[in-house]
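One-letter residues, chain by chain:
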Amino acid sequence: MSEARAKDEARTRVDRVLRVLLPIAVLALGVVVWELVVRVGDIPPYVLPSPRLVFSTLISDWAVLGASLLVTLTTTLEGFLLAAAGGVGLAVLFNQSRLIEYSLYPYAVILQVTPIVAIAPLLLIYLPQQAAVLACAWIVAFFPVLANTTLGLRSVDHNLADLFRLYGATRRQVLWELNLPAALPYILGGLKIAGGLSLIGAVVAEIAAGSAGAGSGLAYRIVESGYRLNIPRMFAALLLLSVAGIVIFFALSLVSHLLLRRWHESAIVREV
Amino acid sequence: MALHSVGKTFVNGVLALERLDLDVRPGEFVSLLGPSGCGKSTALRIIAGLSEPTSGTVEWLEAEAASDTAPRRIGFVFQEPTLMPWATVAANVRLPLKLAGLEPNAPARVDAALARVGLSGFAQSYPRELSGGMKMRTSIARALVTEPKLLLMDEPFAALDEITRFRLNNDLLALWRSLGKTVVFVTHSVFESVYLSQRIVVMTPRPGRVFTEFLIDAPYPRDERFRTSADYVSRCRQVSEALARAIAATEGP
């Protein structure tokens with residue numbers, strides 16, 4: 001009995017280590033192959049820089065890149081917060097009033113299905129650049145929050161809804177004590193998607209604004225470095241964008257886990 | 001409390017209840033027994049005010065109607081435990097008080113309700129940490145916390161295993177005897193209804209109406225001796241036969 005248990009525990013430990021080690025090993029292998037290809041093929045840095053050059057550029061250009069990272073992250077965060085507030089707020093509004101839902105929902109869908117790359121230049125004409133970038137981040141990110149929250153608000157246990165009715169709950173009580181907690185797992189799922197999308201929205205808008213020149217975000221740096229054939233800096237900026245996306249994803253997963261771990265099925269580790 | 005010739009037709013045209021008459025006396029334990037789809041749950045929902053009858057009336061004793069508002073005079077236990085998974089056992093039991101704005105002495109009343117169903121040690125647990133029987137106990141504690149005069153139970157133990165069901169049957173009887181509530185208990189189990197009730201109302205399906213009634217005048221307290229007695233078995237046989245006739249009567253040849 002205890003022997004079998006020790007074996008199980010050992011297996012889970014090995015499993016956990018492998019889950020971290022294997023992706024790292026793949027990454028290391030990829031970097032080594034990349035370095036070898038550059039050296040053996042004697043490829044010039046303006047075609048493909050070696051990983052070492054990318055890293056050293058990252059460090060030497062940190063003053064420029066770090067400032068740009070901050071600009072892009074700020075836009076992303078603002079877009080994300082607005083998307084979260086707007087998505088949840090609209091979903092609650094739709095939930096409270098069917099007429100408003102019927103009137104506005106189709107346009108939320110239209111806003112979502114129209115490619116953001118096509119909308120961005122227009123926004124840049126009508127809005128100041130910073131606002132246009134933010135609007136792009138918002139447009140891309142709010143829809144998954146809206147759609148998921150709407151679904152969550154509708155997925156309330158009917159018996160629980162009856163129970164609230166039986167005890168004479170007010171609309172407000174039903175919303176805060178029943179609908180929103182029941183929708184929380186869905187809302188968090190929407191936010192997890194919105195986090196990555198708001199970064200994409202910010203980058204798309206910065207690139208669209210790129211030729212206008214006033215921007216200083218990471219995507220703008222990529223465009224600018226492209227014009228100057230500063231390929232190592234392009235790679236360094238791209239690396240920072242990926243890392244930012246990964247950090248956003250894990251941060252939101254952690255928040256979701258912390259909020260749901262006591263009660264939701266998704267956060268339960270099953271014993272086999 | 002009484003239902004007078006209550007009928008209910010759903011929007012999709014299904015006739016759930018037709019001219020249903022039911023009198024419930026204060027302090028009584030009465031079961032509604034019938035096959036699934038006979039409208040017994042619908043009758044219960046109409047009593048609770050969760051559903052409006054299409055015809056007929058629900059009448060309350062004047063004293064009851066005057067003294068209390070509807071939410072406080074009724075406790076309802078659903079087929080499922082129907083707990084909020086995001087809230088602790090204590091918060092779940094506290095809900096009716098919170099919704100009614102009766103917060104001040106809520107903790108004491110929640111503790112008392114939990115103690116009555118034997119869950120004192122689990123106030124801070126979450127529903128998913130409890131067994132099926134304990135979830136149902138929580139649900140019963142929640143129904144009791146407003147100290148209602150009338151307890152409506154809709155097949156509350158149908159999903160539980162037999163051992164747990166027997167224990168909860170015994171505990172429910174003990175609660176009923178000590179608290180003096182009126183209980184309307186919906187079930188499709190002949191054995192459960194005979195064991196628990198003073199009176200069994202057998203219903204016919206489609207449309208639901210009263211077929212016949214049985215008085216179960218065996219003395220309380222009832223326990224395992226009653227459950228294995230010849231008296232219990234013969235009463236169960238009578239009720240089963242009536243139920244079979246009720247089903248046959250509507251199905252026709």
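Residues numbered from 1 in each chain as written. Chains lettered and ligands numbered in written order. Predicted model: local features only at pLDDT ≥ 70, side-chain atom pairs only at ≥ 80, totals over all residues.

A. Main features of the domain arrangement of chain B. All names here are of chain B. Under the domain assignment, chain B is made up of domain 1 (2-68 + 149-251) and domain 2 (81-148). Relative placement of domain 1 and domain 2: their C-alpha centres are 25 Å apart. Taken together, the contacts link 10 residues of domain 1 with 6 residues of domain 2. For the side of domain 1 that touches domain 2, a count of residues per class yields 8 nonpolar, 1 polar and 1 charged. (Domains from an automatic or database assignment. Contact = placed C-beta atoms within 7 Å. Nonpolar A, V, L, I, M, F, W, Y, C, P; charged D, E, K, R; others polar.)

B. Focus on the pairing of strand β7 (residues 182-187) of chain B. All names here are of chain B. In terms of burial, β7 is a largely internal element, 6 of the 6 residues being buried. Residues Thr182, Val184 and Val186 point to one face of β7 and Val183, Phe185 and Thr187 to the other, with burial holding for every one of them. Where strand β3 (residues 29-33) meets β7, 5 bridges bridge the pair, whose relative direction is parallel. Bridging across to β7, phenylalanine 29 finds its partner in valine 183. The sheet contact formed by strand β6 (residues 150-154) and β7 spans 5 bridges and is parallel. (Buried ≥ 20, exposed ≤ 12 C-beta atoms within 10 Å, placed from the backbone. Helix = DSSP H or I, 4+ residues; strand = E, 2+ residues; numbered from the N terminus. Pairing = 2+ DSSP bridges.)

C. Spatial organisation of the sheet that holds strand β8 (residues 199-204) of chain B. Residues and elements named next belong to chain B. The strand order across the open sheet formed by 6 strands is β5-β6-β7-β3-β8-β9, and the pairing between neighbours is mixed. The open sheet has two edge strands, β5 (74-77) and β9 (209-215), and neither has a second partner. Between one strand axis and the next, the sheet turns through 20 degrees on average, direction left out of account. (Axes fitted to C-alpha atoms, helices over the stretch in contact; angles between N-to-C directions.)

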